[in-house]
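Reading the structure
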Amino acid sequence: MSPGSEERALRRARWVITAQIAVVVSLLVAVAGAIAYGILLSGQHADADRLLARTIQLGPGATPPGCVWLFTPGAHTPAGPPPPGMPIPELAAFVPSPGDVYTERRSIGGMTHTIRVENHGGVVSQAFFEERYQIEDRASLVLGLGVAEVLALLAALGCGRVLARRAIRPLEDALRRQRTFVADASHELRAPLTRLHTRAQLLARRSSGRDAADLDQLVRGTRELGEVVEDLLLSAQACGERPSLELVELGVLAEEAVAAEAVRASEGQVRLAVTRERRPYVVQGVPTALRRVLSALLDNALGHTPPGGSIEVWLGVPDERHVELRVRDTGAGFPATDADRIFERFARGSDGDGRRFGLGLALVREVVTGHGGTIAAAARPGAGATFTLRLLRADPS
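Residues numbered from 1 in each chain as written. Predicted model: local features only at pLDDT ≥ 70, side-chain atom pairs only at ≥ 80, totals over all residues. Heavy atoms only, no water.

For clarity, the threshold we go by: UniProt positions are given in the numbering used here, feature names are shortened, and annotations may be inferred rather than shown by experiment.
Where an unreviewed UniProt entry is consulted, the protein chain appears under the name histidine kinase, with the organism given as Amycolatopsis mediterranei. As recorded by UniProt, the Catalytic activity (unreviewed entry) comment attached to the protein chain reads in full: "ATP + protein L-histidine = ADP + protein N-phospho-L-histidine." The UniProt entry for the protein chain carries the following text under Subcellular location (unreviewed entry): "Cell membrane".

**Describing the pattern of salt bridges**
Here is the rule: Only one rule defines a salt bridge in this text: a Lys or Arg side-chain nitrogen within 4 Å of an Asp or Glu carboxyl oxygen. Each helix is a run of DSSP H or I of at least 4 residues and each strand a run of E of at least 2, with the numbering of both proceeding from the N terminus. Only protein chains enter the calculation, and the probe is 1.4 Å; a residue is then buried if its accessible area is under 20% of its type maximum, exposed if over 50%, and partly exposed in between.
Taken as a whole, this structure holds 16 salt bridges when the rule is applied. The closest approach of N and O atoms between E104 and R106, which form a salt bridge, is 2.6 Å. A salt bridge links R105 to E131, with the nearest nitrogen and oxygen atoms 3.3 Å apart. Of this pair, R105 sits in strand β3 (residues 101-108) while E131 sits in the loop between β5 (123-130) and α2 (132-206); the two residues are 26 residues apart in sequence, bridging distant segments of the chain. A residue is classified by how much of its surface remains accessible, and R105, at 33% relative accessible area, is partly exposed.

**As for the environment of L91**
For clarity, the threshold we go by: Two residues form a contact once any of their heavy atoms are found within 4.5 Å.
Within the secondary structure layout, L91 lies in the loop between β2 (75-77) and β3. Spatially, the C-alpha atom of L91 lies 9.8 Å from that of E118, the residues being 27 residues apart in sequence. Setting aside anything within four residues of it in sequence, one finds L91 in contact with Y102, E104, R106, I115, V117 and Q126.

**Quick notes on the packing of helix α4 (residues 250-260) against helix α6 (residues 287-304)**
Let me state the cut-off plainly: Orientation is described by lines fitted to C-alpha atoms, with helices fitted over the stretch in contact, and by angles between N-to-C directions that extend from 0 to 180 degrees. Any angle between 65 and 115 degrees counts as roughly perpendicular, while under 35 counts as roughly parallel, over 145 as roughly antiparallel, and the rest as oblique. Each crossing gets its hand from how the near helix is turned against the far one by less than a right angle, where anticlockwise is left-handed and clockwise is right-handed. Residue polarity is assigned by list, with Asp, Glu, Lys and Arg as charged and Ala, Val, Leu, Ile, Met, Phe, Trp, Tyr, Cys and Pro as nonpolar; anything else, Gly included, falls into the polar class.
Packing of α4 against α6 brings their axes to within 10 Å, and their N-to-C directions diverge by 45°. Put simply, α4 runs oblique to α6. The two elements α4 and α6 cross, and the hand of that crossing is right-handed. On α6, the residues that touch L253, A254, E256, A257 and V258 of α4 are P287, L290, R291, L294 and L298. Split into classes, the residues belonging to the contact of α4 with α6 amount to eight nonpolar, no polar and two charged.

**Points about the nonpolar core**
Definition in use: Grouping buried Ala, Val, Leu, Ile, Met, Phe, Trp, Tyr and Cys residues that are joined through side-chain atoms within 4.5 Å yields what is termed a nonpolar core.
Within the largest apolar cluster, 39 residues are counted, with the highest numbers of intra-cluster contacts made by L325 and F387. At the level of secondary structure, the elements contributing two or more residues to this core comprise α4, α6, β9 (310-319), β10 (322-329), α7 (360-370), β13 (374-379) and β14 (385-392). Per-element tally for this core: the top contributor is α6, with eight residues. Look past the residues within four positions of L325 in its chain and what remains in contact with it is L250, A254, L294, V313, W314, L315, F387, T388 and L389.

**Concerning the environment of V286**
Along the chain, V286 falls in the loop between β8 (282-285) and α6. Overall, V286 belongs to the buried group, its relative accessible area being 10%. Each C-alpha atom, one on V286 and one on V367, is 9.2 Å from the other, the two residues being 81 residues apart in sequence.

**A closer look at the confidence of the model for the protein chain**
Using the following cut-off: Looking at any residue, its pLDDT shows the predictor's confidence there, from 0 to 100.
A residue-level look at the protein chain finds 84% of positions with pLDDT of 70 or above and a mean pLDDT of 81. Within the model, pLDDT remains below 50 along residues 350-358, and this stretch shows 37 contacts once partners closer than five positions in the same chain are excluded.

Take a look at the structure:
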């Protein structure tokens with residue numbers, strides 16, 4: 001995983017932990033609120049049922065409480081015209097025998113009422129209770145629970161953020177120590193490996209015959225080991241503070257990279273050329289990092305292009321905002337399914353000379369992404385590969 005990916009993963013983990021804490025707290029508050037609402041609703045219904053039963057028991061001789069209407073055959077209380085829709089004659093059929101009781105809740109005139117119908121000694125009475133104030137009480141409770149939910153969510157986000165940072169801090173420290181160890185180990189190994197590689201080259205030049213072939217293998221092995229160490233060191237250094245950006249002429253860097261690989265390409269009988277217009281290809285970036293990108297792309301192309309092949313470095317301006325660079329070779333290529341995998345660390349190609357992709361292409365993607373650009377690979381087995389690098393164009397003025 002790249003340093004940028006590690007930081008994004010840690011940031012994402014912090015937010016995930018924060019969100020999980022907030023969700024748990026919100027659910028607890030919501031469950032508590034639902035229980036409170038249910039208790040209130042059940043209590044209100046029980047109170048209304050008891051009030052109506054008491055009203056029917058007292059009969060029309062007593063004045064019912066507020067919001068209650070009592071209807072008996074030929075009379076209703078309190079005095080005055082009843083609300084429209086009261087009483088409801090068809091409800092008497094639900095209490096055919098003395099002692100029968102029927103209750104329901106029904107909307108009458110746009111307001112919910114609790115209705116109790118009771119057959120008391122052959123006399124059917126209907127009592128109605130208007131739930132206006134009960135509804136207002138429930139609305140007040142819902143509003144209060146909503147405010148409590150919002151406050152609890154905000155508090156959970158704040159506390160969750162603090163707890164998430166504390167939970168992730170040991171992992172951040174472990175990753176930091178790991179990168180420090182890699183950087184220190186790579187730095188200490190680079191010098192002796194360089195001396196070993198140099199001595200192996202000298203011995204290879206002085207020897208002949210069978211020993212020469214063995215020493216050539218040793219030279220290649222020490223070179224590859226040095227590349228691994230160099231890539232590890234570069235990867236560790238990429239975790240530090242980003243250097244200041246400056247204007248970089250990508251066309252000049254491409255020509256310098258091609259010139260640096262000209263001898264190697266000639267020895268491998270590979271034609272290497274740059275195709276560009278004589279115009280500035282200026283981007284904003286770190287020259288050493290972009291030089292490493294071009295070197296890695298050319299190194300990869302040379303490692304997979306057989307004698308007689310060709311490598312072309314093409315530069316262009318696809319639009320007003322971008323500069324595009326392509327490294328196209330006529331080498332072994334790779335399956336289309338490997339187009340993303342080859343940018344993983346230490347990926348190994350299934351075609352070509354079997355050479356590892358190592359950290360080179362992984363670092364290429366890290367550097368390009370860090371510059372706000374993109375890189376993509378396209379190829380077919382036996383038909384070569386093309387790496388397309390696109391960076392934001394800078395104003396040279």
